[in-house]
Amino acid sequence: MKILAAIYVVLGFTLAIYIYNSNVFQANFMGDRYYKHIFEGHFDASQKGERLSIPINFKYNAEYDLRLSIPTDDIRPFYSEKGTLNYKFTSRGKVLEKGVTRSPSKTGYYSASPDGPLSAVLLRFNLPFPEAGDDLVLVIEAVNPLTALSKYSGFIICTVEPSLMK
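Computed from a prediction, not measured in an experiment: that's the story for all the values here.

Student: Even after reading the chapter, I still don't get the pairing of strand E3 (residues 62–70), so can you show me in this structure?
Tutor: Regular strands have side chains that alternate between both faces of the sheet. Burial within E3 is extensive, with eight of its nine residues counted as buried. Relative to strand E7 (residues 118–127), E3 runs antiparallel, the two being bridged by nine bridges. Within E7, the position partnered with Leu66 by the bridge is Leu123. By the bridge criterion, six bridges tie E3 to strand E9 (residues 157–162) in an arrangement that is antiparallel. Among the inter-strand pairings, Leu66 is bridged to a residue of E9, identified as Val160.

Student: How should I be thinking about the pattern of salt bridges in this particular structure?
Tutor: If charged atoms from side chains of opposite charge come close, those side chains can pair. Tallying each qualifying case throughout the model produces four salt bridges. Its salt-bridge partner being Arg124, residue Asp65 comes within 2.6 Å of it at the nearest N-O pair. Of this pair, Asp65 sits in strand E3 while Arg124 is found in strand E7, placing the two residues 59 residues apart along the sequence. Comparing Asp65 with Arg124, the two get one shared label, buried.

Student: I would appreciate a short explanation of the environment of Ile70 in the present structure.
Tutor: Take Ile70: it is sitting in strand E3. Using a relative accessible area of 1% as the deciding quantity, one classes Ile70 as buried. Excluding residues that lie within four positions of it along the chain, Ile70 makes contacts with Pro77, Phe78, Pro117, Leu118, Leu149, Tyr152 and Ile156.

Student: Mind showing me how you'd approach unusual backbone geometry here?
Tutor: Note the cis peptide between Leu127 and Pro128, where omega equals 5°. Considering the arrangement of structural elements, one finds Pro128 in the loop between E7 and strand E8 (137–144). In this structure, Arg92 takes a positive phi of about 55° despite not being glycine. As for its placement among the helices and strands, Arg92 is situated in the loop between strand E4 (84–91) and strand E5 (94–100). Phi angles above zero are rare outside glycine, and Glu131 is one such case at about 70°. As for its placement among the helices and strands, Glu131 is situated in the loop between E7 and E8.

Student: Even after reading the chapter, I still don't get the packing of aromatic side chains, so can you show me in this structure?
Tutor: Centre-to-centre distance and the angle between the planes together describe a pair of aromatic rings. Evaluated as defined, the whole model comprises five aromatic pairs. Taken together, a centroid distance of 5.9 Å and an interplanar angle of 75° make the contact between Tyr87 and Phe89 edge-to-face. Each member of the pair, Tyr87 as well as Phe89, is classed as buried. Where Phe89 meets Phe125, the ring centres are 5.0 Å apart and the plane angle is 65°; that geometry is what we call edge-to-face. Of this pair, Phe89 sits in strand E4 while Phe125 sits in strand E7, and the two are 36 residues apart along the sequence. The class for Phe89 is buried, based on a relative accessible area of 0%.

Student: Quick question: what am I supposed to make of the sheet that holds E5 here?
Tutor: The pairing of strands in a sheet comes from backbone hydrogen bonds and takes either a parallel or an antiparallel form. Overall, antiparallel pairing links the four strands, which are arranged E2-E8-E4-E5 in an open sheet. Each end of this open sheet is capped by a strand with a single partner; those strands are strand E2 (51–55) and E5. Mean inter-strand twist for the sheet, computed between neighbouring axes without regard to direction, equals 20°. The pairing of E2 with E8 spans five bridges and is classified as antiparallel. The residue bridging Arg51 from the neighbouring strand is Glu141, located in E8.

Reading guide: rules and limits
Residues numbered from 1 in each chain as written. Predicted model: local features only at pLDDT ≥ 70, side-chain atom pairs only at ≥ 80, totals over all residues. Heavy atoms only, no water. Buried < 20%, exposed > 50% of the residue type's maximum accessible area, 1.4 Å probe, protein only. Helix = DSSP H or I, 4+ residues; strand = E, 2+ residues; numbered from the N terminus. Pairing = 2+ DSSP bridges. Salt bridge = Lys/Arg side-chain N within 4 Å of Asp/Glu carboxyl O. Contact = heavy atoms within 4.5 Å. Phe/Tyr/Trp six-rings, centres within 6.5 Å; stacked < 30°, edge-to-face > 60°. Axes fitted to C-alpha atoms, helices over the stretch in contact; angles between N-to-C directions.

Structural data, given as structure tokens:
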């Protein structure tokens, strides 16, 4: 009987550690730590040729968002924006994936507060990235600039953070 109780205690302890380390637990009970940005910086997506290299260092194996934010709660600039950004993931000198982000008018994923900023999710991706080393970099470039955001030039913020749990 004591052996069975010891087995239950060990299994319970193991299960508790597993749950504590899970993304769901971290997101729901330690959201400030889980949803912390892995990158935040200025990126003027309204200027043709603007380019940003984002080193990707992450803690959680999860889905991540690339967001652009503008300092307003007025969604009209995002609704009217048809432009897109080119992106590529590189590691060990190789391009692992490349493509085009969603347009802010087509993303469907917005977040805002009454005082701003207003954010749009332009790209979602999973980490760890297949075949990537410790030097994973996301490069975004405004080949087809987001001209509807030119009013916010110099104040556009790019962030990479875990996606909200569904």
